[in-house]
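Here is how the chains run, residue by residue.
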Amino acid sequence: MHDHLAALLRGGGGRHPRSVHGAAVKLGCLASTYLCNNLVLSYLGRSLHAEARGLFDEMPHRNIVSWSVLISAASRLGALSEAFFLFSDLLRSGECDRPNSFALGALVVGCARAKDTVAGSQVHASAIKFGVADDESVAGALVDMYAKCGRVDWSWRAFALSPQRSVASWTSIISCLVNHGCSEHRDVAISLLKKMLLLKVWPTNATFSCILKVFDEPALLPGGKQIHGCLLKMGTEVDPALGTALVAMYGRCGGLDEMARLSCRIRHDAFSRTSLLVAYARNGYNMEAVWNFREMIMENMAIDQSAVTSLLQVCSSLGQLRMAKEVHCYALKTFCKLDTLLLNATITVYGRCGDVTSAEILFDLLENKDIISWTALLTCYAQNDHAQETLLFFREMLRKGLGSPVFCITSVLRACSSTTNYAVGWQIHSRVVKLGIDDADSVENALLTMYARCGSVRIALKIFNSMRSRGIISWNALITSFSQHGNEVAAIQLFHLMQEEAVCPDDYTFVGLLSSCSRMGLVAEGCEYFKLMNTKYNVEPKMEHYTCMVDLFARAGRFSDALEFIDAMPCHPDKLVWEALLASCRTHGNVDLGRLAAKKILEIRPDDPSPYIILSSIHASVDMWEEKALNRTVFDLQRVRKDVGSSWVGGEEYSDNTFDVLQVETT
């Protein structure tokens with residue numbers, strides 16, 4: 001009879017355990033341990049844990065299966081304490097000789113889920129004591145438990161001591177090495193995959209998904225392609241999880257063509273779509289990322305906050321403030337609460353789009369501010385030329401003991417550069433040395449730029465000579481420094497040295513170089529450098545370069561060449577071009593051309609007072625006093641106001657408050 005009742009529980013559709021339980025009570029079949037075990041399993045399968053535990057307590061006879069089923073259920077539900085209490089009761093009850101591999105394996109799985117290494121090692125000791133540690137399921141669970149707890153050495157030891165290694169054990173140790181190890185451990189993970197294939201232990205989709213995480217930079221793209229080819233050769237079916245891992249791998253390695261072909265063949269879910277969005281955003285395919293996000297919305301896919309964070313990165317790259325606000329509003333409507341990572345990304349995108357006010361409001365509303373939050377707002381101030389706010393905000397960070405990350409240091413040094421505040425910059429340099437980050441490339445470049453703009457060319461040159469790796473930013477900063485502070489010969493010599501070291505110049509390099517030629521009157525050399533931009537280095541001239549060339553001709557008094565150059569420009573000259581011409585007209589007393597330049601400037605910017613002022617100076621220099629007076633009358637009638645001059649020398653903005661606080665913090 002008890003066999004028939006057990007069959008009712010296991011049959012197609014299965015009777016409800018309560019009805020079978022009631023029938024067993026009426027028929028007096030509860031004495032059957034076999035039937036009671038099936039009833040407990042059926043109750044647990046329907047998540048009726050209280051009924052299962054009540055029946056277990058009433059069972060007249062229990063065997064190891066009874067205990068193992070209940071221990072496994074408690075462990076699976078995360079009730080690790082209850083599972084251990086049951087295990088202790090099992091040992092004290094004397095109802096079985098020893099716990100089996102199923103019970104101990106279930107405890108190990110519970111420890112892995114809770115990431116409790118101490119409890120896991122105790123279960124490991126019990127498994128050795130009861131002689132089940134060599135069981136394939138227990139050994140695999142131990143490897144997985146130590147791996148999920150981040151104990152690479154213990155996981156490896158458990159794997160090495162396993163006499164029988166299942167594919168789950170191989171996958172667990174590979175996952176452990178990939179997720180918690182260094183680059184050397186990742187090389188070992190690849191070697192383990194090769195060994196699996198040699199031993200004909202065929203990897204599963206989970207194995208391939210783990211090993212694909214190794215390939216995370218463009219140089220490793222060939223290796224990622226080999227893994228992709230291997231799984232295709234083995235006939236592995238690419239399910240959504242493995243497809244997502246492949247898309248993410250190609251996105252990290254820059255294989256956008258392969259990723260596009262793959263995305264057309266796999267069955268997409270929310271995870272694969274999110275990986276596709278992240279890959280597009282990472283590699284600068286901004287419009288593709290936007291269209292992918294739109295398709296996710298149209299297909300009613302679940303969108304998580306990581307997808308929104310990547311879309312904000314796209315808004316930042318495009319400089320689209322309106323789109324950033326739309327994405328922010330979408331996140332507020334979709335999610336109950338925004339996580340700190342998403343809010344930090346929103347502050348960053350507002351800063352890059354120039355909306356400092358929104359960034360400040362969001363920062364003030366942020367409950368759990370971390371160092372990234374503070375750095376994001378600090379960078380926002382620095383990027384938008386809010387030098388005073390940058391320094392004061394950095395002072396507040398120091399008072400709160402938030403330390404000085406590299407990004408903060410570079411932002412503060414940028415603020416010192418824009419205000420030529422040598423005193424605070426020197427203190428930041430002292431802090432950099434104390435923190436031991438003075439050899440970081442970004443910090444060295446920021447220090448070099450700061451000293452160069454503050455006029456401390458000797459210190460800038462000393463930093464330049466001590467740098468282990470000098471990129472184009474370093475060369476440009478020193479060339480610009482030499483050019484701006486009266487050492488044009490050194491700027492030109494540095495450019496030739498730059499060519500000898502095979503460093504390719506960019507548009508900023510030629511701005512400094514052409515400015516040096518202009519100040520020295522080297523017209524022929526300047527023209528030659530201007531030609532080299534496009535012919536040799538494939539650098540497209542910008543308005544700054546055209547301005548330098550006009551200044552080059554005009555300073556030398558070659559106004560006809562300057563006008564011919566302006567007429568031949570492929571783009572419409574802006575205010576800076578005509579200002580350069582007007583300044584040289586004052587130097588050489590060229591009244592007619594000065595009037596033309598002033599007229600052009602006023603057409604572009606009617607409220608600019610500089611043309612009236614410079615034109616008056618030109619009239620005065622050639623004793624045209626009536627024209628000067630007339631020009632002054634027009635100036636007054638136009639109600640144009642001359643900007644009040646200001647100087648940082650002796651100013652109160654930084655010399656007192658900020659200096660003192662930073663000095664206290666760095667000593």
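As the structure is a computational prediction, the values presented were derived from the model and not from experiment.

## Quick word on the side chain of Ser373
- Tracing the backbone through its elements, the reader meets Ser373 in helix α23 (residues 371-383).
- Relative accessible area serves as the criterion here: at 0%, Ser373 is assigned to the buried category.

## Some remarks on the layout of surface pockets
- Taken as a whole, the largest pocket holds about 1,000 Å³ of empty space.
- Around the largest pocket, the lining is made up of 34 residues, and of these Thr449, Arg453, Ala477, Thr480 and Tyr508 lie nearest the centre.
- Counting only elements with at least two residues in the lining of the largest pocket, the list comes to α23, α25 (406-419), α27 (441-453), α29 (472-484), α31 (507-520) and α33 (543-555).
- Considered as a void within the structure, the second largest pocket measures approximately 500 Å³ in volume.
- For the lining of the second largest pocket, the elements supplying multiple residues, two or more each, are α19 (305-318), α21 (340-352), α23 and α25.

## Focus on a nonpolar patch on the surface
- Taken together, the side chains of Met287, Trp291 and Leu318 present a nonpolar region at the surface, about 300 Å² in accessible area.
- Here Leu318 lies in helix α19.
- Overall, the relative accessible area of 31% leaves Leu318 in the partly exposed class.

## Examining unusual backbone geometry
- The backbone of Ala502 sits at a positive phi, close to 60 degrees, despite the residue not being glycine.
- Within the element layout of this structure, Ala502 appears in the loop between α30 (488-500) and α31.
- Judged by its relative accessible area of 70%, Ala502 falls in the exposed class.
- Despite not being glycine, Asn538 shows a phi value in the positive range, around 55 degrees.
- With respect to the element layout, Asn538 can be found in the loop between α32 (523-535) and α33.

## Here we look at the pattern of salt bridges
- One pass over the structure, following the stated rule, counts 14 salt bridges.
- Glu295 is the partner of Arg273 in a salt bridge, and the nearest nitrogen-oxygen pair spans 3.0 Å. Highlighted residues: Arg273 in helix α17 (residues 270-282) and Glu295 in helix α18 (residues 286-298), separated in sequence by 22 residues.
- A relative accessible area of 33% places Glu295 in the partly exposed class.
- A single salt-bridge network, built from bridges that share partners, covers Arg273, Glu295 and Glu299.

## Details of the side chain of Ser516
- Note on placement: Ser516 falls in helix α31.
- One polar contact links Ser516 to Ser483, side chain to side chain, over a distance of 3.1 Å.
- Ignoring anything within four residues of it in the chain, the contact list for Ser516 reads Ser483, Glu488, Ala491 and Ile492.

## Observations concerning helix α9 (residues 136-148)
- For α9, built from 13 residues, the straight-helix expectation of 18 Å at 1.5 Å per residue is met to within 8% by its first-to-last C-alpha distance of 18 Å.
- Those residues of α9 hidden inside the fold are in contact with α7 (101-114), α8 (117-129), α10 (152-160) and α11 (167-180).

## Quick notes on the packing of α23 against helix α24 (residues 387-399)
- For the pair α23 and α24, interaxial distance at closest approach is 8 Å and the crossing angle is 160 degrees. Here α24 runs roughly antiparallel to α23, going by the angle between their axes. The chirality of how α23 crosses α24 is left-handed. Contacts between α23 and α24 involve Ile371, Trp374, Leu377, Leu378, Tyr381 and Ala382 from the former and Glu389, Thr390, Phe393, Phe394, Glu396 and Met397 from the latter.

## Overview of the nonpolar core
- Ranked by size, the top nonpolar core spans 187 residues in total, and within it Ile174 and Leu581 carry the most contacts.
- The dominant element in this core, judged by the number of residues it contributes, is α33, at 8 residues.
- The contacts of Ile174, once residues within four sequence positions are left out, are Ala189, Leu192, Leu193, Met196, Thr207, Cys210 and Ile211.

## Side note on the environment of Thr587
- Structurally, Thr587 is set in helix α35 (residues 575-588).
- Spatially, the C-alpha atoms of Thr587 and Arg555 are 7.9 Å apart, while their sequence positions differ by 32 residues.

Calculation criteria
- Residues numbered from 1 in each chain as written.
- Predicted model: local features only at pLDDT ≥ 70, side-chain atom pairs only at ≥ 80, totals over all residues.
- Heavy atoms only, no water.
- Helix = DSSP H or I, 4+ residues; strand = E, 2+ residues; numbered from the N terminus.
- Buried < 20%, exposed > 50% of the residue type's maximum accessible area, 1.4 Å probe, protein only.
- 1 Å grid on protein atoms, 1.4 Å probe; cavity = no way out; pocket = protein on both sides within 12 Å on 5 of 7 lines; lining within 4 Å.
- Points joined across faces, edges and corners; volume = space filled by probe spheres on them.
- Patch = residues over 30% accessible without salt bridge, like charges linked within 9 Å, V, L, I, M, F, W, Y side chains within 5 Å.
- Areas by Shrake-Rupley, 256 points an atom, 1.4 Å probe, with all protein chains shown as cover.
- Salt bridge = Lys/Arg side-chain N within 4 Å of Asp/Glu carboxyl O.
- Polar contact = N/O pair within 3.5 Å; in protein donor to acceptor, adjacent residues only side chain to side chain.
- Contact = heavy atoms within 4.5 Å.
- Expected span 1.5 Å × (residues − 1).
- Axes fitted to C-alpha atoms, helices over the stretch in contact; angles between N-to-C directions.
- Parallel < 35°, antiparallel > 145°, perpendicular 65-115°, else oblique.
- Left-handed = near helix turned anticlockwise from the far one by under 90°.
- Core = buried A, V, L, I, M, F, W, Y, C linked by side-chain atoms within 4.5 Å.

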